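What follows is each chain in one-letter form.
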Amino acid sequence: MADVANPLSIVSDLLAPVFADIAGRPDADPVVRPSDRADAQVNGALPLAKQMGTNPREVAQRVVDSGVLADVCSEVEIAGPGFINLTFTDTFLAAQLQSVALDDRLGCPPASTPRTVVVDYSAPNVAKEMHVGHLRSTVIGDALVRLHEFAGHRVIRENHIGDWGRPFGMLIEHLLDLGEDVAAEGLGQGDLDGFYKAANAKFNESTEFQERARDRVVLLQARDPETIEIWQRLVDMSNTYFQGVYSRLGVLLTDDDLAGESGYQPLMEGAYERLGKAGLLEENDGAQVVFAPGFTNRDNEPLPLIVRSSAGAFMYATSDLACVLDRIERLHADLLLYVIGAPQAQHLQMVFTVAEMAGWLRPPAEAVHIAFGSVLGDDRKMLRSRSGDSVKLSDLLDEAVERAAAAVAEKNPELDADTRAEVARTIGIGAVKYADLSNDRIKDYVFDWDRMLAFEGNTAPYLQYAHARICSIFRRAGADRIDLHGLAIVLGQPQERELAKRLLAYPTVVAETLAAYAPHKLCTYLFELAQDFSTFYEHCQVMQADEPVRSSRLALCDVTARTLEQGLGLLGIDAPEAM
Ligand code: ARG
């Protein structure tokens, strides 16, 4: 991929031998970075001078005097204590962008060391409503899946649904009481909470029901065939509902990705024994626990990770430990991503630490908690529905599409009904996903319909419209997109230059987004790109320009549209050509 390098890495390659020569060693880094004042900045003279005990401005001067940047820079200027500010020549930028235009990956190199990545995401609980926390996990996880796949990693999606445990005793009994058809109807329509609440209410009222539920848990744990069959039906009904939400959201999860807690139950005994063999288990209040260094409770006492309760039961932590083993030893994964809300941070850190202590999780394999904050309402408290319940994800998606339909009707009244419905779906779902992704995931964010659906600002509708508007230029120009890829690019106006520079920064942003597991970085970039495009389009005629400028500007439009489409695609958001 050396031919589609970005300007910064080209400059870095040009300067590396100069720095090596001055330093007298091959690995002196020129430290080339983007700059606000110029096109790029070379910062490496400062650390190098410090090591050599010389004046950084003198080192910078030697770098400049080497003349290696003459072909690519129109200006090379030493600033402050010894920074070097670079201004690229227009021809250099144009040539780089031309090679990007010919590349399907728009300059993004594939990963040099592909990894096997497990992404644990979504993970709702059977017979419970998916709430906005699951929305965050689903949307962020799906973007990380797409980004890693794009980078050339082998990605395994795992939907770690909560499909096992004590509540299933009462849920199964409730299902039997209702009769399967009635239960199927309620659950199939997504009334998961109603089902759960009814079962729970019965449990609290009737001792007879309590007894049945307890016996049923015992049967379930013993894998009694009849019980397992009913349990499976319950799980299937919920999954049908989850799958409906996924397909509306346009996320990649399918039934094949289900890896529920139940699947790890048979593996827990083995994991437990291996912890014992490794000498990690200790008895604590009758329970079998592991003390991981560095974890303490509120009173600063060592905090145990309970692996087997005093009653002999395995725990959530045990299933997650078995799950780490499964991912490493069966799937041969070397990157384990857990897209789970911030409140589970300590649980996961303890599980990871114990897995390291046991020698299961060893470099280069690593586990990362992709934590995220809460979704808040106007009152800055956890988002709730008007009735005070947690918000049902499916209701939220309905409302998004409805509101988008109203906005589209206002913006574009001529659209026929079918197209309008399709556009409303794209905008509504895109808006919800983008609002989630464009905020730094670790922070809480306020769910605000008006803001996320606005056609101005850092929103999906703004970016989708920007993309569609560019596509309409091609239609008016009668241009075949593919023919635009090889056109010569000439940069004259400052707005063209800014746009070109922004487009050339795309691979760096994609890499940074991946490195920090931070989709909001890509969002910010796409927003800035759309703004740069609109400035360019305001100042520079495209269709009315004379050749060769007209072709060059069409090529700029084309690379912009492709970057918007690909960038949104990596986030799991559609960018239609017409809206
Ligand atoms: N089902 C859990 C919840 O809703 C999340 C499971 C996350 N994955 C895991 N490996 N623990 O909170």
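Look a little higher up for the structure.
Residues numbered from 1 in each chain as written. Predicted model: local features only at pLDDT ≥ 70, side-chain atom pairs only at ≥ 80, totals over all residues. Heavy atoms only, no water.

### Quick look at the overall build of the chain
Under the convention used in this document: Here a helix means four or more residues in a row that DSSP labels H or I, a strand means two or more in a row labelled E, and each is numbered from the N terminus. Only heavy atoms matter for contacts: two residues are in contact if any of them lie within 4.5 Å across the pair. Accessibility throughout is a Shrake-Rupley quantity obtained with a 1.4 Å probe, and a residue counts as covered only by protein chains that appear here. Charged residues are defined narrowly, with Lys and Arg counted positive, Asp and Glu counted negative, and His plus the chain ends left uncounted. Just so you know, the charge point we use is NZ for Lys, CZ for Arg, CG for Asp and CD for Glu.
For the chain, the helix and strand inventory stands at 22 helices and 13 strands. In terms of overall dimensions, the chain has C-alpha extents of about 85 × 70 × 40 Å along its principal axes. For the chain, contacts bridging at least 24 residues in sequence account for 73% of all contacts bridging at least 6. Here the chain displays about 25,900 Å² of accessible surface, and carbon together with sulfur accounts for 50% of that area. Counting 53 positive and 85 negative side-chain charges, the chain places the averaged centre of each group 2 Å from the other.

### Let's talk about the nonpolar core
Defined as follows: The term nonpolar core refers to a set of buried residues drawn from Ala, Val, Leu, Ile, Met, Phe, Trp, Tyr and Cys, joined through side-chain atoms within 4.5 Å. Burial classification: accessible surface area is computed with a 1.4 Å probe over protein chains only, and a residue below 20% of its type maximum counts as buried, one above 50% as exposed, and the rest as partly exposed.
Leu-396 and Leu-522 are the most contacted members of the largest nonpolar core, which totals 155 residues. Element by element, the count of residues in this core is highest for helix α10 (residues 225-249), at 11 residues. Non-local contacts of Leu-522, meaning those with residues more than four positions away in its chain, are made with Leu-147, Tyr-506, Val-509, Val-510, Thr-513, Gly-567, Leu-570 and Leu-571. With 38 residues, the next largest nonpolar core counts Tyr-272, Ala-292, Val-324 and Leu-331 among its residues.

### Section: the site of the ligand
How we decide: To be near a molecule or strand, a residue needs just one of its heavy atoms within 4 Å of it. Think of a polar contact as two N or O atoms within 3.5 Å of one another; within protein, one of them needs to be a possible hydrogen donor and the other a possible acceptor, and neighboring residues in sequence only count if both atoms come from side chains. The residue classification treats Ala, Val, Leu, Ile, Met, Phe, Trp, Tyr, Cys and Pro as nonpolar and Asp, Glu, Lys and Arg as charged. All others, Gly included, are polar.
Taken together, Asp-120, Ala-123, Asn-125, His-134, His-160, Tyr-316, Asp-320, Tyr-338, Ile-340 and Gln-344 form the complete shell of residues around the ligand. Separating a nitrogen atom of the ligand from a backbone N or O atom of Ala-123 is a distance of 3.0 Å. Contacts to the ligand include Tyr-316, whose side-chain N or O atom sits 2.7 Å from a nitrogen atom. Split by residue class, the shell around the ligand holds four nonpolar, four polar and two charged.

### Remarks on the environment of Ser-74
Along the chain, Ser-74 falls in strand β3 (residues 73-79). The sequence separation of Ser-74 and Met-315 amounts to 241 residues, and the corresponding C-alpha distance is 65 Å. Those residues in contact with Ser-74 that sit more than four places away from it in its chain are Thr-87, Phe-88 and Thr-89.

### Here we look at the packing of aromatic side chains
The condition that has to hold: In this analysis, rings of Phe, Tyr and Trp, with Trp reduced to its six-membered ring, are considered paired at centre separations within 6.5 Å, and the interplanar angle assigns stacked below 30 degrees, edge-to-face beyond 60, and tilted for intermediate values. Charge over a ring is defined by NZ of Lys or CZ of Arg lying within 6 Å of the ring centre and within 35 degrees of the ring normal.
Counted under the stated rule, the structure contains 11 aromatic pairs. Between Phe-447 and Trp-449 the ring centres are 4.9 Å apart and the planes differ by 90°, which places this aromatic pair in the edge-to-face class. On the numbers, 5.7 Å between centres and 15° between planes, the contact of Phe-533 with Tyr-537 is stacked. You can see Phe-533 and its partner Tyr-537 sitting in helix α21 (residues 519-539), four residues apart, about one turn around the helix. A relative accessible area of 30% places Tyr-537 in the partly exposed class. Taking NZ or CZ as reference, Arg-105 lies 4.2 Å from the ring centre of Phe-150, over its face.

### Focus on unusual backbone geometry
Here the bond from Pro-363 into Pro-364 is cis, since omega is 10°, no more than 30 degrees from zero. Mapping Pro-364 onto the fold places it in the loop between α13 (345-357) and β11 (366-370). The residue after Glu-547, namely Pro-548, is reached through a cis peptide bond having omega 5°. Residues other than glycine seldom take positive phi values, yet Val-31 does so here, at roughly 50°. The residue Val-31 is located in the loop between α1 (7-23) and β1 (32-34) in this model.

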